[in-house]
Each structure stands twice: as C-alpha cells, then as structure tokens.
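# Residue-level structure breakdown
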Amino acid sequence: MISALRQFAATAGLLTAALVLAGPLCAQDERAGPLAPPPDHTVRRIGARPTEAPPPIPAEDIIKRFSQKEEEYRIARMGFTFRKTIRVQEFGDDGKPSADYQITIEPAVGSDGKAYEKIVDQSHSTLRYLNFEPEDLEALLALPPFVLTPSQLDKYDLQYLGKEQVDEVNCYMFQVKPKRVERTRAYFDGVVWIDDHDLAVVKTYGKWVTELGDVHSPVLPFTMFDTYRENVDGKFWFPNYARSDDSLRLKNGEVRLRLTVRWTDYKPAVGGPKIQTPAASPAPKPSL
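All values derive from a computational prediction rather than experimental measurement.

### Describing the environment of isoleucine 119
- Assignment of secondary structure puts isoleucine 119 in strand E3 (residues 115–122).
- Taking the C-alpha atoms as reference points, isoleucine 119 and proline 107, 12 residues apart in sequence, are found 9.0 Å from one another.
- For isoleucine 119, the contacting residues outside a window of four places in its chain are Ile103, Thr104 and Ile105.

### Description of the pairing of strand E9 (residues 225–232)
- Here E9 lies mainly inside the structure; eight of its eight residues are buried.
- A two-sided burial pattern is seen for E9, the buried positions comprising Phe225, Thr227, Arg229 and Asn231 on one face and Asp226, Tyr228, Glu230 and Val232 on the other.
- One ladder, built from four bridges, connects strand E7 (residues 201–210) with E9; its direction is antiparallel. The residue of E9 that forms the bridge with glycine 206 is phenylalanine 225.
- Strand direction decides the pairing type here: E9 and strand E10 (residues 236–250), joined by seven bridges, are antiparallel. From the neighbouring strand, aspartate 226 faces E10, where its bridge partner is arginine 243.

### Digging into the packing of aromatic side chains
- If you walk through the whole model with that rule in mind, you get 13 aromatic pairs.
- Geometrically, the ring pair formed by phenylalanine 66 and phenylalanine 174 is tilted, given 6.2 Å between the ring centres and 55° between the ring planes. With phenylalanine 66 in helix H2 (residues 59–77) and phenylalanine 174 in strand E5 (residues 169–178), this residue pair connects regions lying 108 residues apart in the sequence. Like phenylalanine 174, phenylalanine 66 is buried.
- Seen from their ring centres, phenylalanine 82 and tyrosine 266 are 5.2 Å apart, and the 45° between their planes marks the pair as tilted. Of this pair, phenylalanine 82 sits in strand E1 (residues 80–91) while tyrosine 266 sits in strand E11 (residues 253–268), and the two are 184 residues apart along the sequence.
- Residue classification places phenylalanine 82 among the buried positions, given a relative accessible area of 4%.
- Each residue in the set Tyr73, Phe80, Phe82, Phe236, Phe238 and Tyr266 is aromatic and connected to the rest through ring pairs, giving one cluster.
- It is lysine 203 that lies over the ring of tryptophan 193; its NZ or CZ is 4.2 Å from the centre.
- The aromatic ring of phenylalanine 91 is capped on one face by arginine 256, whose charged end is 4.7 Å from the ring centroid.

### Comments concerning unusual backbone geometry
- Of note, the phi angle at aspartate 233 is positive, near 65°, even though the residue is not glycine.
- If you trace the backbone, aspartate 233 turns up in the loop between E9 and E10.
- With relative accessibility at 44%, the residue aspartate 233 sits in the partly exposed group.
- The phi angle at aspartate 265 is positive, at roughly 55°, despite the residue not being glycine.
- Structurally, the position occupied by aspartate 265 is in strand E11.
- Among the residues examined, aspartate 265 registers a relative accessible area of 47% and is labelled partly exposed.

### Describing the environment of glutamine 165
- By the secondary structure assignment, glutamine 165 is in strand E4 (residues 156–166).
- Taking the C-alpha atoms as reference points, glutamine 165 and aspartate 195, 30 residues apart in sequence, are found 9.1 Å from one another.
- Reaching out from glutamine 165, the side chain makes a polar contact with the side chain of asparagine 170 at a distance of 3.2 Å.

### A word on the confidence of the model for the chain
- Scored by pLDDT, the chain comes out at a mean of 78, with 75% of its residues at no less than 70.
- When mean pLDDT is taken per element in the chain, H2 scores highest with 96 and helix H1 (residues 2–12) scores lowest with 38.
- Contacts for the low-pLDDT stretch residues 1–48, under 50 throughout, to residues beyond four places or in other chains number 171 contacts.
- Scored below 50 in pLDDT, residues 272–288 shows 59 contacts in the model against residues more than four places distant or in partner chains.

Thresholds, definitions, all that
- Residues numbered from 1 in each chain as written.
- Predicted model: local features only at pLDDT ≥ 70, side-chain atom pairs only at ≥ 80, totals over all residues.
- Heavy atoms only, no water.
- Helix = DSSP H or I, 4+ residues; strand = E, 2+ residues; numbered from the N terminus.
- Contact = heavy atoms within 4.5 Å.
- Buried < 20%, exposed > 50% of the residue type's maximum accessible area, 1.4 Å probe, protein only.
- Pairing = 2+ DSSP bridges.
- Phe/Tyr/Trp six-rings, centres within 6.5 Å; stacked < 30°, edge-to-face > 60°.
- Lys NZ or Arg CZ within 6 Å of the ring centre and 35° of its normal.
- Polar contact = N/O pair within 3.5 Å; in protein donor to acceptor, adjacent residues only side chain to side chain.
- pLDDT = per-residue confidence, 0-100.

As structure tokens, then:
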C-alpha cells in the first residue's frame, strides 16, 4: 500500500492540486470576487440521516446541473495561477498548537518550458512527533478537486439529505457513495453541499477510498477533509480552504494533528502555460 501511494504521488507531480475544495462562502447576494480565507472551521463528521422533504426541483436536475458546472470549473481552473500554502500542526494537552511546519508553493515554468510548482516559502519545522518530507503530502494533495463531473456520475450513488446553511449560503446536501470500489482506483466517499441559487458545489466533506481502504499518506494519518470553495472572478467556485484533523498514536497516548491547505491569489494566467490540475476523469489510480 505504501509503495502504491508513493508511486501514485510521484506520477501526480510534486504537491499537485488537492482534493479537496475550500474557503469561506460568499453571501448569495454578494457574488463578486473571492473572499479572504476563513478562520478555522469546525469539522463535523456527517453520516447518513433521514431524508427531509424533497427539494423544490427534482434531485436529478440538481445533480445534472451541478455536475455540468463542475466540468466548467475544472477546465477554467487550468487557466488560473494561484498560491497554495500547506500547514501541519501538533497540539498540546491544553488543546493549543504546540508545533508546526508550513510551506507555500506557486506555479512556475522550467527552462524546458514545462510547468511545475516551486517552493516560494517554508518555515523551520518545530514538529516534535512527526517526521516527514513535503513529498509525503503528495498522496493526499494530488487528488482531483472536481470529482462529480458528468463523466463520473455513473460511478456514484447520490442521495439527497436535505437543506443546510453553510456560512451565508443555503445549500442542498447530497451523500456521495461509490457504487463499487477497486484496488487500483480511488473514489470519493462523503457529502457535498450545493448552493441552492447557483447550483454549484460550495463545500465537501469526505475521504478517498479504494478496495484496500482509505487513501492516506504513508507517514501521515489524515483521511477526512472538510473543504470549502470561494467564488472567483464572479463565476467560478474554486478550492480555497481544506482542513483535516486526526491524531498520531504513540506508546503513551496520542498527539492531535491538523492539516490545512489554503489556495490564494487566484489570477488568470497571462502569457504563460495553463497550469494543469489533476482531471476529475478518470479518478486517480494508485499503482500497485
């Protein structure tokens, strides 16, 4: 499993764009431009719940329309540059951060004309219990941010759960389950929140699974991500904030950990190559 994840990460490229989907949500009557990243969100593990009253429009129509927008956003994001900041924290017994490590990367073009992501800033690690290299994050951060595109819908069962407000946005909730899992292909398993005005995905919560179990880094425990998007350029919902909380088991207890990813400074790429993000079709294939 470890070799499979490392091989999968290597083929995806260093710290390529993640699953995950992030950021504060703009109010439904204020959709012009991105908002600043939010403070830490409360992560709630959501399971199946009784279905509420049906939505005012058929659930099938909602799914069809948001999946079409997912494909639009997937293509549009290739034409934007952005900064990505990854932070790993350890917490003490008092519940406060006690150590951390942070790295910021942005798109660049090599002498051979190929696009890659370069490190523009990184802090000195003060982590006491975690010992890892930036590439150990690849298996987690190289997953496609736009999962439910039209070409992927037939691979999942979506169940309408009801309505819920996320920040200031009224949303439809859908539980997403893969119809089947495979040994060499990862699938999303979680919940998505759909803006009931724009019918666009604005939040997801979940993990990636294969026949072998949850997808995770060989040295990091994170699997479940609470993720948000922001409205960019007045029309695209792009990833902006992702967070995962977990614990590292030790002989004499455990240490609470947190991984956060922030995407900032979205700008249309001018005069340069389009930075490719992992396509939502097909889903990532860990090599065995």
